[in-house]
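Now for the letters of each chain:
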Amino acid sequence: MPDNWVYVSLVDIVDYEQPQPFIVNDTDYSEKYYTPVLTAGKSFILGYTNENFGVYNKLPVIIFDDFTTDSHLVNFPFKVKSSAMKILTVKEGINVEYVSYFMSITRLVGDTHKRYWISEYSKLPIPLPPITEQDRIVLAVEKLNNQIDSIQNMLN
């Protein structure tokens, strides 16, 4: 690891909010509505609601599934379906996309049904370079992802 990189715990660079104020009341979703209802799991967008109260809009954030340790970067207003997640905000001077990429490749798998953020996941060490290097890494990953998307489109 280069000299100007450090290891920090996620809890040192990320704050979390409980999702209860943003939970959707009515699960009668429709494509006619505008506000997405999210889960941190594989399906991500469960549907759309017409509820215009309790919409989360302090963006961007990472939503984290407390049971599966799945996560997603979110940069649009949303509501949530469940309290089994955390809404994570990255502290100033840290690239949220860098943290999101780190989290997307970091899983904890346990044999118990427990909440992982506070007990284990937030304590994981993350290699943290200076912000200019975080930005460079994010751009490199995005470029590779775009190349993969192009190849997949050619194959379809």
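Residues numbered from 1 in each chain as written. Predicted model: local features only at pLDDT ≥ 70, side-chain atom pairs only at ≥ 80, totals over all residues. Heavy atoms only, no water.

Student: Help me understand the overall build of the protein, please; the structure alone is not making it clear to me.
Tutor: Summing up its helical and strand segments, the protein has four helices and nine strands in all. On the principal axes, the C-alpha backbone points of the protein span a range of 55 × 45 × 35 Å. By residue count, 39% of the 156 residues in the protein fall in the buried class. Partitioning the contacts of the protein with sequence separation of at least 6, the portion at a separation of at least 24 is 69%. Carbon and sulfur atoms provide 54% of the accessible area of the protein, an area that totals close to 9100 Å². A gap of 4 Å separates the mean positions of the 13 positive and 19 negative side-chain charges of the protein. (Helix = DSSP H or I, 4+ residues; strand = E, 2+ residues; numbered from the N terminus. Buried < 20%, exposed > 50% of the residue type's maximum accessible area, 1.4 Å probe, protein only. Contact = heavy atoms within 4.5 Å. Areas by Shrake-Rupley, 256 points an atom, 1.4 Å probe, with all protein chains shown as cover. Lys, Arg positive; Asp, Glu negative; His and termini not counted. Charge placed at Lys NZ, Arg CZ, Asp CG, Glu CD.)

Student: Just to check I follow, could you spell out the pairing of strand β5 (residues 61–65) for this structure?
Tutor: Two faces, one strand: in a regular strand the side chains alternate between the faces of the sheet. The buried fraction of β5 is high, at five of five residues. Here β5 shows two buried faces, one formed by Val61, Ile63 and Asp65 and the other by Ile62 and Phe64. Between β5 and strand β6 (residues 71–74), which pair antiparallel and follow one another directly, the connecting turn spans five residues, one of which, threonine 69, has a positive phi of 65°. (Pairing = 2+ DSSP bridges.)

Student: Would you take a moment to explain a nonpolar patch on the surface for this structure?
Tutor: Side chains of Ile151, Met154 and Leu155 sit close together on the surface and give an oily, nonpolar patch of about 380 Å² of accessible area. Mapped onto the elements of the fold, isoleucine 151 is located in helix α4 (residues 131–155). (Patch = residues over 30% accessible without salt bridge, like charges linked within 9 Å, V, L, I, M, F, W, Y side chains within 5 Å. Salt bridge = Lys/Arg side-chain N within 4 Å of Asp/Glu carboxyl O.)

Student: Is there a simple way to explain the pattern of salt bridges in this structure?
Tutor: Should the charged atoms of two oppositely charged side chains come close, the side chains can pair. By the definition in use, this model includes six salt bridges. Taking the shortest distance from any N to any O, the salt bridge between lysine 86 and aspartate 66 comes out at 2.8 Å. A residue pair is termed long-range when its members are at least 10 positions apart, and lysine 86 in strand β8 (residues 85–90) and aspartate 66 in the loop between β5 and β6 qualify at 20 residues. Both residues of the pair, lysine 86 and aspartate 66, belong to the buried class. Arginine 136 is the partner of glutamate 133 in a salt bridge, and the nearest nitrogen-oxygen pair spans 2.7 Å. Taken together, the residues glutamate 133 and arginine 136, both in helix α4 and three residues apart, mark about one turn of the helix.

Student: Any chance you could explain the packing of aromatic side chains here in plain terms?
Tutor: The description of an aromatic ring pair rests on the distance of the ring centres and on the angle between the ring planes. Going through the model one piece at a time under the given rule, you end up with six aromatic pairs. Between phenylalanine 22 and tyrosine 56, the ring centres sit 4.9 Å apart and the planes meet at 80°, which makes this aromatic pair edge-to-face. Pair noted here: phenylalanine 22 is in the loop between β2 (14–17) and β3 (35–38) and tyrosine 56 is in the loop between β4 (45–49) and β5, with a separation of 34 residues, a long-range link. Accessibility assignment for this pair places phenylalanine 22 and tyrosine 56 in one class, buried. Here the aromatic rings of phenylalanine 64 and tryptophan 117 are separated by 5.1 Å at their centres, their planes lie at 65°, and the arrangement is edge-to-face. Residue phenylalanine 64 is found in strand β5, and its partner tryptophan 117 is found in helix α3 (residues 116–119); the two are separated by 53 residues along the sequence. An identical accessibility class is assigned to phenylalanine 64 and tryptophan 117; each is buried. Taken together, the aromatic side chains of Phe22, Tyr56 and Phe78 make up a single cluster linked through ring pairs. One Lys or Arg, lysine 79, reaches over the ring of phenylalanine 53 and ends 4.7 Å from the middle of that ring. (Phe/Tyr/Trp six-rings, centres within 6.5 Å; stacked < 30°, edge-to-face > 60°. Lys NZ or Arg CZ within 6 Å of the ring centre and 35° of its normal.)

Without other data, these values stay purely geometric and don't point to any function.
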